[in-house]
Amino acid sequence: MSKKITAAITAVGGFVPEDRLTNFDLEKMVDTNDEWIRTRTGVEERRILKGEGKATSDLVVPAVRELCNKRGIDPSEIECLIVGTVTPDMVFPATANIVCDKLGARNAWSFDVSAACSGFLYTLTLGASLIESGRYKKVVVCGADKMSSIIDYSDRATCIIFGDGAGAVLLEPNEDGYGVLDSILRSDGNGCQYLHMKAGGSARPASIETVMAKEHYVYQEGQAVFKFAVKGMADVSAELLEKNNLTGNDIAWLVPHQANLRIIDATASRMGLSKEKVMINIQKYGNTTAGTLPLCLWDWEKQLKKGDNLVLSAFGGGFTWGATWVKWAY
Ligand code: UT7
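Please read all numbers here as calculations on a predicted model, not as lab measurements.

**Brief notes about helix α8 (residues 222-243)**
Part 1 of the argument: With 22 residues, α8 should reach 32 Å at 1.5 Å per residue; the first-to-last C-alpha distance of 31 Å fits that figure.
Part 2 of the argument: Along α8, the residues classified as buried are A224, V225, A229, G232, M233, A234, V236, S237, A238, L240 and L241.
Part 3 of the argument: The positive-phi residue at the C-terminal boundary of α8 is N245, with phi of around 55°.

Right under this line is the structure:
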């Protein structure tokens, strides 16, 4: 009997732009201070993609190039490429299409997934299903956002959190039980009222009025989102452990969405994990939305060992949230 095929992560790539926006820079732009930002969120600086016409695809392309180089494959070998993002280069075509063109990934079909901060978890589960079906051998899933393109830098409640960045992983078939092993994903459109962008979609197309009313920026009711996020991320992560008969002792790493250090702490403590097992890079990059989880894998790749159990967990706009169990393959 043939063995079960799982989708192993076989390479990781990441990219953050050079330009840094520190808490001290923000002190000069809005009524805030480094101490407030650090203690309330954990962020110290974020990266900003500058340059005329530079877009989310410019963050994704170097990340995918890096993983191709690491794995020794040519982009033309990629069969499917999925980008999780809420800051696509354009409303259409998909950023993934543009990425494939820039990379020369001419044999891939490609599309975007809109799941905000859970974008990478959604694309990872989707990509893994394609591999598990037996039909595909090389699928690239990416999480990327140029949040600076939709942030109002006069709104101190949002501009302190977000940054730009991208990460990507290559998924390949595995018959030894490594890779994406389980996932619980959720969504609740009722959360839209607390976190959204008011204009630019078909409900409220761009007009002089929408621009004047600053409706092309992130609208967030921070406190409400915080409450849902703490519960959502912690509950689903604990549920994933229970469903798979795992405890905190079995987990080598929690890979949490980097929205707020306090949300990360609550999730880790609910899972019974000590601080050393939690990937935290929010201080350097802020919240890169769909970019946070693959950027953690990128930063920690060298410390990961074959067989390590990872739980990736996220909560964000939609609302969308979830947790995924990955057994590291290399
Ligand atoms: O990734 C997508 C999902 N998003 C999230 O998970 C974000 C969840 N929310 C949060 O992380 C937090 O709600 C924020 C970081 C956005 C805000 O932190 P908070 O502890 O919830 O602050 P708050 O909105 O309750 O405001 C507390 C106080 C207020 O002053 P008063 O009314 O108590 O006098 C705010 O006006 O802090 C004030 N404040 C600030 N002060 C200095 C709000 N923003 C700032 C600021 N600097 N940047």
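Still more to cover.
**Remarks on the site of the ligand**
Part 1 of the argument: Around the ligand lies a shell of 22 residues, among which T32, R40, Q223, N260 and N287 are the nearest.
Part 2 of the argument: Side-chain polar atom of R40 to an oxygen atom of the ligand: 2.7 Å apart, as the coordinates give it.
Part 3 of the argument: In the complex, the protein chains occlude 73% of the 950 Å² of accessible area that the ligand would expose alone.
Part 4 of the argument: At the level of elements, α2 (34-41), α6 (156-159), α8 and α9 (261-270) are the ones that each hand at least two residues to the shell around the ligand.
Part 5 of the argument: Taken domain by domain, the makeup of the shell around the ligand includes at least three residues from each of domain 1 (6-177) and domain 2 (181-327).

**Side note on the pattern of salt bridges**
Part 1 of the argument: According to the stated counting rule, one finds 17 salt bridges in the structure shown.
Part 2 of the argument: Residue R71 is joined to E172 by a salt bridge in which the shortest nitrogen-to-oxygen separation is 2.6 Å. Of this pair, R71 sits in helix α3 (residues 56-71) while E172 sits in strand β7 (residues 164-174); the two residues are 101 residues apart in sequence, bridging distant segments of the chain.
Part 3 of the argument: Between K231 and D235 there is a salt bridge whose closest N-O contact spans 2.5 Å. Of this pair, K231 and D235 are both found in helix α8, four residues apart, which corresponds to roughly one turn of the helix.
Part 4 of the argument: Judged by relative accessible area, D235 falls into the partly exposed class, the value being 25%.
Part 5 of the argument: In this structure, a network of salt bridges that share partners links the residues E66, K70 and E301.

**A look at the domain arrangement of the chain**
Part 1 of the argument: Parsing the chain into structural domains produces domain 1 (6-177) and domain 2 (181-327).
Part 2 of the argument: Opposite the 50 residues of domain 1 that make contact, domain 2 presents 45 residues.
Part 3 of the argument: For the pair domain 1 and domain 2, the two sides together bury roughly 3600 Å², of which 63% comes from carbon and sulfur.
Part 4 of the argument: By the criterion of area lost to domain 2, the three top residues of domain 1 are C117, L121 and Y122, representing 18% of everything that side buries.
Part 5 of the argument: Linking domain 1 with domain 2 are two salt bridges.
Part 6 of the argument: A salt bridge links D152 to K214, with the shortest nitrogen-to-oxygen separation between them at 3.5 Å.
Part 7 of the argument: Where the side of domain 1 that touches domain 2 is concerned, the elements lending two or more residues are β1 (6-15), α2, β3 (45-47), α3, α5 (119-132), β6 (139-146) and β7.
Part 8 of the argument: In the side of domain 1 that touches domain 2, the residues fall into 22 nonpolar, 18 polar and ten charged.

**Here's the deal with unusual backbone geometry**
Part 1 of the argument: With an omega of 5°, the peptide bond running from F92 to P93 counts as cis.
Part 2 of the argument: Position of P93 relative to the elements: it lies in the loop between β4 (80-84) and α4 (95-103).
Part 3 of the argument: Phi is positive for N245, close to 55°, though the residue is something other than glycine.
Part 4 of the argument: When you line up the elements, N245 lands in the loop between α8 and β11 (253-256).
Part 5 of the argument: Looking at N245, the relative accessible area reads 72%, which means it is exposed.

**Comments concerning the nonpolar core**
Part 1 of the argument: Counting 42 residues, the largest nonpolar core has L254 and V311 as the members making the most contacts within it.
Part 2 of the argument: Elements supplying a minimum of two residues to this core: α8, α9, β12 (309-316) and β13 (320-327).
Part 3 of the argument: Residue contributions to this core peak at seven residues, all from α8.
Part 4 of the argument: By size, the runner-up hydrophobic cluster in this structure holds 33 residues, among which are A115, Y122, L124 and V326.

**Describing the packing of aromatic side chains**
Part 1 of the argument: Evaluated as defined, the whole model comprises nine aromatic pairs.
Part 2 of the argument: Here Y194 and F319 contribute two aromatic rings whose centre-to-centre distance is 6.0 Å and whose plane-to-plane angle is 10°, an arrangement assigned as stacked. In this pair, Y194 is assigned in the loop between β8 (179-187) and β9 (195-197) and F319 in the loop between β12 and β13, connecting sequence segments 125 residues apart. One exposure class covers both Y194 and F319, and it is buried.
Part 3 of the argument: With a centroid separation of 5.1 Å and 40° between ring planes, the pair formed by W328 and Y330 is classed as tilted.
Part 4 of the argument: Its relative accessible area of 33% is what places Y330 among the partly exposed residues.
Part 5 of the argument: Of note, K198 hangs over the ring of Y219, and the distance from its end group to the ring centre comes to 4.0 Å.

The rules behind these values
- Residues numbered from 1 in each chain as written.
- Predicted model: local features only at pLDDT ≥ 70, side-chain atom pairs only at ≥ 80, totals over all residues.
- Heavy atoms only, no water.
- Helix = DSSP H or I, 4+ residues; strand = E, 2+ residues; numbered from the N terminus.
- Expected span 1.5 Å × (residues − 1).
- Buried < 20%, exposed > 50% of the residue type's maximum accessible area, 1.4 Å probe, protein only.
- Near = heavy atom within 4 Å.
- Polar contact = N/O pair within 3.5 Å; in protein donor to acceptor, adjacent residues only side chain to side chain.
- Areas by Shrake-Rupley, 256 points an atom, 1.4 Å probe, with all protein chains shown as cover.
- Domains from an automatic or database assignment.
- Salt bridge = Lys/Arg side-chain N within 4 Å of Asp/Glu carboxyl O.
- Contact = heavy atoms within 4.5 Å.
- Buried area = accessible area lost by both parts, 1.4 Å probe.
- Nonpolar A, V, L, I, M, F, W, Y, C, P; charged D, E, K, R; others polar.
- Core = buried A, V, L, I, M, F, W, Y, C linked by side-chain atoms within 4.5 Å.
- Phe/Tyr/Trp six-rings, centres within 6.5 Å; stacked < 30°, edge-to-face > 60°.
- Lys NZ or Arg CZ within 6 Å of the ring centre and 35° of its normal.

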